Amino acid sequence: MSHVGETFFTSVGCMDGRVQNPMLHYGQKKFGVKYADTITEAGLVGLLAKENVDPVLLGSIKKKILISVEKHHSKGIVVHGHQECAGNPVEDDLHKEDVLKAVKTIGALIKKDIQIIPVFITRNKHLWGEVEEL
Ligand SMILES: [Zn+2]
């Protein structure tokens, strides 16, 4: 399913194009891998932090994460939220809590012995790329 040297981590978070490059660079450095398997929805952590998460969404997320972990031998999962999110337009502190809740949801969902790291991405003037581990 993947060739030697094609190494992956799993990026789970918002669809926002501004955060994809920072996430890729973060994961490459963190896990020493080349590629990000990218699983997104608009404001995903907000959706996963709810009391009653949409089961269709959960099933879809689970399927994608398991492909990344089992077929691509992902080295780790990063769950991310970010500033100025159109899909989850809440204050940063609440958004960070949503990231932590989403990590718990995902851990219970996939039941795999794999590291899941919560992060929050912020803007520094015009540049996106500050990745804070929560
Ligand atoms: Zn967003």
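For the structure itself, consult the block above.
What counts, and where the lines are drawn
- Residues numbered from 1 in each chain as written.
- Predicted model: local features only at pLDDT ≥ 70, side-chain atom pairs only at ≥ 80, totals over all residues.
- Heavy atoms only, no water.
- Salt bridge = Lys/Arg side-chain N within 4 Å of Asp/Glu carboxyl O.
- Buried < 20%, exposed > 50% of the residue type's maximum accessible area, 1.4 Å probe, protein only.
- Helix = DSSP H or I, 4+ residues; strand = E, 2+ residues; numbered from the N terminus.
- Contact = heavy atoms within 4.5 Å.
- Polar contact = N/O pair within 3.5 Å; in protein donor to acceptor, adjacent residues only side chain to side chain.
- Phe/Tyr/Trp six-rings, centres within 6.5 Å; stacked < 30°, edge-to-face > 60°.

A. Up close: the pattern of salt bridges. All chains considered together, the criterion is met by 6 salt bridges. Residues Arg18 and Asp16 are paired through a salt bridge, measuring 2.7 Å at the closest nitrogen-oxygen approach. Exposure remark for Arg18: the relative accessible area of 32% places this residue in the partly exposed category. Note on Asp16: relative accessible area 13%, which makes it buried.

B. A look at the environment of Arg123. Summarising the element assignment, Arg123 is placed in strand E4 (residues 116-124). Residue class for Arg123 comes out partly exposed when judged on its relative accessible area of 30%. When the C-alpha positions of Arg123 and Asp16 are compared, they lie 13 Å apart, and in sequence the two are 107 residues distant. Not counting residues within four places of it along the chain, the set of residues in contact with Arg123 comprises Arg18, Gln83, Glu84 and Trp128. At 2.9 Å, the side chain of Arg123 and the side chain of Glu84 are in polar contact.

C. Local environment of the packing of aromatic side chains. A full pass over the atoms with the stated rule returns 2 aromatic pairs. Seen from their ring centres, Phe8 and Tyr35 are 5.6 Å apart, and the 40 degrees between their planes marks the pair as tilted. Here the residue Phe8 occupies a position in strand E1 (residues 8-14), and Tyr35 occupies one in strand E2 (residues 35-41), the gap between them amounting to 27 residues. By relative accessible area, which is 9% here, Phe8 ends up buried. Aromatic pair Phe9 and Phe31: ring centres 5.8 Å apart, planes at 25 degrees, arrangement stacked. Of this pair, Phe9 sits in strand E1 while Phe31 sits in helix H1 (residues 20-31), and the two are 22 residues apart along the sequence. Under the relative-accessibility criterion, Phe9 is labelled buried at 0%. Judged by its relative accessible area of 14%, Phe31 is buried.

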